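Here is how the chains run, residue by residue.
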Amino acid sequence: TLSPLTTYTATVSGATSLATGLALASPAVWRFTTGEGAAPVIPPVPPTVTAVTPARNAAGVALNNALISANFSEAMAAIAGSASFTVSCAAPCTSPAGTVSLDPTNRIATFAMASGASLSPSTTYTATVTGARSLATGLALASPYVWQFRTGLLADTTRPRVILTVPATTY
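Residues numbered from 1 in each chain as written. Predicted model: local features only at pLDDT ≥ 70, side-chain atom pairs only at ≥ 80, totals over all residues. Heavy atoms only, no water.

Caption draft 1: Examining the sheet that holds strand 8 (residues 108-113) more closely. The 4 strands are arranged 3-5-8-7 in an open sheet whose pairing can be described as antiparallel. Of all the strands in the sheet, just strand 3 (49-53) and strand 7 (98-102) have a single pairing partner and so form its edges. Across this sheet, the average inter-strand angle for adjacent strands is 15°, counted without regard to direction. By the bridge criterion, 5 bridges tie strand 5 (residues 67-72) to strand 8 in an arrangement that is antiparallel. Its bridge partner being in strand 8, Leu67 is matched across the sheet by Ala112. (Pairing = 2+ DSSP bridges. Helix = DSSP H or I, 4+ residues; strand = E, 2+ residues; numbered from the N terminus. Axes fitted to C-alpha atoms, helices over the stretch in contact; angles between N-to-C directions.)

What follows is the structure, given as structure tokens:
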């Protein structure tokens, strides 16, 4: 290892050509100065939650909103064991049961309520992601990610409809 901020002199002498056997006519000499030292080692950055559904402090969330999700800044390991994703509400409300899964990119964790379950009307829910770990580095979230949303009075009964087709319809 070379010392930082130091001028060095390098010399090559006596070198000969493999093809001709001739030696250097004179030594090759050059000088150089090292920089301030090795590049700093940048520690890996813990993953973060970049977006959530329902949005933080959303109001009027449908009672039959079966999917609650958190998007991460990078691919994550399975959320199980010491890592958790919970949805809770204060008594007398009963916190919903559900399962957690990751999308194929491992960047979106979804809490899916159990079949037939629904949220209670006019209730504040707290969603918490704890201990989720980066798939690449193994680093966990720096702290639990917590957000709240509030339900409305009714289930969403609006039927979906197609508003765009690709390729466009031709007549």
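Caption draft 2: How the structure looks around the sheet that holds strand 4 (residues 58-61). Pairing is mixed across the open sheet formed by 4 strands, whose spatial order is 4-10-9-6. Across the chains shown, the open sheet's two edge strands, defined by having one partner strand only, are strand 4 and strand 6 (84-89). On average, each strand axis in the sheet is tilted by 30° relative to the strand beside it, whichever way the strands run.

Caption draft 3: Inspection of the packing of aromatic side chains at higher detail. Summed over all chains, the structure comprises 5 aromatic pairs. Residues Tyr125 and Phe149 carry aromatic rings whose centres are separated by 5.7 Å and whose planes lie at 15° to one another, so their mutual orientation is stacked. Here Phe149 lies in strand 10 (residues 145-151) and Tyr125 lies in strand 9 (residues 124-130), a separation of 24 residues in the sequence. Classification of Tyr125 by relative accessible area gives buried; the value is 1%. Using a relative accessible area of 1% as the deciding quantity, one classes Phe149 as buried. Through successive ring pairs, a cluster of aromatic residues spans Phe85, Phe111, Tyr145 and Trp147. (Phe/Tyr/Trp six-rings, centres within 6.5 Å; stacked < 30°, edge-to-face > 60°. Buried < 20%, exposed > 50% of the residue type's maximum accessible area, 1.4 Å probe, protein only.)

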